[in-house]
Amino acid sequence: MKQSYFIFSAVAAFVVLNSFAFAESGKLVPYVSIKQEYSDNILFVSDNEQEDYITTSKVGAITSYKTERVNAKLDGNIYHLMYWDNDQLDDTNGAARSSIDYQVTEKIGFGAAANYRKSSRRDADTDTTGLLLTGDREQTELSVSSSYQFTETSIGQAEIEYGVVEIDETNSNEDNDSFGVNLGFSKNLSKTFKNTTGLLNFSYMRYSSEQETIGVNTVTQDYDSDVFQLYGGFEKNITELYSFYLQAGASYTDTTEEQRINSITIVDQESDTWGGVLLSGLNYDGLYWDFGLSASHDVRGSSGSNGTVERSSVSLDIDRKITEDFSLSFNVSCYLNKNERQTQSDLDELTVNIQPGFHYHFLDTFSLQGIFRHTTLEDREDDTSRERNLVYLVLRKNFDLQ
């Protein structure tokens, strides 16, 4: 990642410049925040755990622009990690996100999005994927989408997405590329089933991963997968407060694995796998309580694990509004990531996160957030486990310029 900071600086500058461009007819909100954190296992290892305090300072800006036809948003930030005892882990990271939706006509819509992220923390994605990551990572995602309203009750959607993830660590690097096409169709079925919408989706993903380990010999692992998923179901508003959705189907994965030592092919194997797809959830949106319970199972790309994974997840989210400015939250999530491979050890990891917290707005532009997170990761392939307790406070100041 020799061009890491150049690329990130360019993206950050793009976000800032566009923020000021949008500011005249939209909304611009720069912000700064300070995060104080304590972790009893900063490297997330199974033994010889190290505890430390981590201070994260962040500066960023959010800008939005909205008219009858256009809805655009830009969000960029840069933050610095400072470890009190393990200063060799200090680093500067950041992210930039942008999206635009444009309603071309009453029936045709268009959208595009771009995301960039640089990160070095091992636990950056444990609460969203359940997986630990190592090394310095750069991630870029691009997508374009469109929608077409066939009738008053039916809509079709299409999306094309492309992503690149580069991971650098000592004597090893991994490059991941993904290309995906998603097609969706929805139809209002309320004439037959009250407050119900039928859903049908098809997706194709080409995921390629190359991992190179440099030692006495250079060992290269190539992993290429074509993933097809077809699933359908419905979403239903049970009452004004409750809603439910359920989609189920099948997936097919065709994978080629190759292992090379000093450019000489040692293993070259192909395999295919059939599996299931499940997306389900129950939501409650009340005056003081918000509740969400979801479950999923599918095949996804997984940077840092050299290939795709079959992921099953269950999550529970509860939010309780105490006052207009103060709220409590509680989250429990469970992820099972699996992959049976021919050229390296199988992946079979179970991750559980338990996270209570609070959020408080005060003095109009200030907010204070507090979180405690307990994470347990069980490697069922190696029969080992890791635990980490984390607590942090974040003080944020928004500068609303409009």
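Quick caveat: nothing in here was measured; it's all calculated off a predicted structure.

Now for the confidence of the model for the protein. For the protein, per-residue confidence averages 90 on the pLDDT scale, and residues scoring 70 or more make up 94% of the total. Taken together, the stretch residues 1-17 has pLDDT below 50 and engages in 28 contacts with residues farther than four places along the chain or on a different chain. Low pLDDT (under 50) marks residues 19-23, which in the prediction has 11 contacts with non-local residues, meaning those over four places away or in another chain.

Nonpolar side chains in soluble globular proteins tend to end up buried together. Within the largest apolar cluster, five residues are counted, these being Ile-42, Ile-54, Tyr-79, Leu-81 and Tyr-83. For this core, the leading source of residues is strand β3 (residues 70-83), giving three residues. Setting aside chain neighbours within four positions, we find Tyr-83 in contact with Ile-42, Asp-52, Tyr-53, Ile-54, Leu-89, Asp-90 and Arg-121.

What follows concerns the pairing of strand β9 (residues 196-214). As judged from the 17 bridges shared by strand β8 (residues 172-188) and β9, these two strands associate in the antiparallel manner. Paired with Asn-188 across the two strands is Thr-197, which belongs to β9. Judged from the 19 bridges that link them, β9 and strand β10 (residues 218-237) form a sheet pairing that is antiparallel. Looking across to β10, one finds that Asn-201 is bridged to Tyr-231.

This paragraph deals with unusual backbone geometry. Backbone geometry at Asn-171 places phi at a positive 60°, although glycine is not the residue there. Relative to the helices and strands, Asn-171 is located in the loop between β7 (154-169) and β8. Note on Asn-171: relative accessible area 48%, which makes it partly exposed. Non-glycine residue Ser-263 carries a positive phi angle of around 70°.

Here the focus is the environment of Leu-377. Along the chain, Leu-377 falls in strand β17 (residues 366-379). Here the alpha-carbon distance between Leu-377 and Thr-126, two residues 251 residues apart in the chain, equals 9.1 Å.

Let us look at the pairing of β7. Of the pairings in the sheet, the one linking strand β6 (residues 136-149) to β7 comprises 14 bridges and is antiparallel in character. Paired with Gln-149 across the two strands is Ile-155, which belongs to β7. As paired strands, β7 and β8 are joined by 16 bridges and run antiparallel to one another. Considered in β8, the bridge of Ile-155 is made with Ser-186. The antiparallel pairing of β7 with β8 creates a hairpin that spans two residues between the two strands, and Asn-171 there sits at a positive phi of about 60°.

A separate point is the side chain of Ser-143. Positionally, Ser-143 belongs in strand β6. Look past the residues within four positions of Ser-143 in its chain and what remains in contact with it is Gly-111, Ala-112, Ala-113, Glu-159, Ile-160 and Glu-161.

Calculation notes
Residues numbered from 1 in each chain as written. Predicted model: local features only at pLDDT ≥ 70, side-chain atom pairs only at ≥ 80, totals over all residues. Heavy atoms only, no water. pLDDT = per-residue confidence, 0-100. Contact = heavy atoms within 4.5 Å. Core = buried A, V, L, I, M, F, W, Y, C linked by side-chain atoms within 4.5 Å. Buried < 20%, exposed > 50% of the residue type's maximum accessible area, 1.4 Å probe, protein only. Helix = DSSP H or I, 4+ residues; strand = E, 2+ residues; numbered from the N terminus. Pairing = 2+ DSSP bridges.

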